[in-house]
Amino acid sequence: MSASVVPPPPTAPTVTPAAPTSAGQPKKFELPEPIKKLLKLINEKIVHSRSFEKLAKKIFAEADIDGSGELDEAELYACVLLIYDHLNARLPTHVPAPTRARVTALMKKYDANRD
């Protein structure tokens, strides 16, 4: 990735609790524009690249401790941490990895057959 493509690191956004709307529901949180641009860059230039696919396969193989070809909850979380570690080493700003509880919740939500 060339340096000219990477935007300058965004300043940390100030997050304040959302004010309720007239319906009593909090307003949806909007990401600051620099964060949106960074996420778009990550999606377009990194996640959908051949090098990222190769990295993901390598990390999957490392995390699949039992060699089953499938990741259990602990293996999946290790995989997520390794990917975030790799990305953060190359990004102009630090992107925090999700918590284990968040990864577990997503796994339960999307792994319908629990295999």
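Our subject is the structure listed above.
Residues numbered from 1 in each chain as written. Predicted model: local features only at pLDDT ≥ 70, side-chain atom pairs only at ≥ 80, totals over all residues. Heavy atoms only, no water.

*Asks:* Whenever I open this one, the packing of helix α2 (residues 50-63) against helix α3 (residues 73-88) confuses me. Can you help?
*Replies:* How two helices pack is summed up by the angle between their axes together with the distance between the axes. Orientation of α2 relative to α3, taken along the N-to-C sense of each, is 140 degrees, at an axis distance of 9 Å. The pairing of α2 with α3 is recorded here as oblique in orientation. Of the two possible hands of crossing, α2 and α3 adopt the one that is right-handed. On α3, the residues that touch F52, L55, I59, F60, E62 and A63 of α2 are E75, C79, L82, I83, H86 and L87. (Axes fitted to C-alpha atoms, helices over the stretch in contact; angles between N-to-C directions. Helix = DSSP H or I, 4+ residues; strand = E, 2+ residues; numbered from the N terminus. Parallel < 35°, antiparallel > 145°, perpendicular 65-115°, else oblique. Left-handed = near helix turned anticlockwise from the far one by under 90°. Contact = heavy atoms within 4.5 Å.)

*Asks:* What am I meant to see in the pattern of salt bridges here?
*Replies:* For side chains of opposite charge, pairing can occur when their charged atoms come near one another. The final tally for this structure, using the stated rule, is two salt bridges. The residue K57 makes a salt bridge to E53 at a minimum N-O spacing of 3.4 Å. With K57 and E53 both in helix α2, this residue pair falls four residues apart, about one helical turn. Linking K58 and E62 is a salt bridge whose minimum nitrogen-to-oxygen distance equals 3.3 Å. Residue K58 and its partner E62 are both found in helix α2; the two are separated by four residues, about one turn of the helix. Judged by its relative accessible area of 42%, E62 falls in the partly exposed class. (Salt bridge = Lys/Arg side-chain N within 4 Å of Asp/Glu carboxyl O. Buried < 20%, exposed > 50% of the residue type's maximum accessible area, 1.4 Å probe, protein only.)

Without other data, these values stay purely geometric and don't point to any function.
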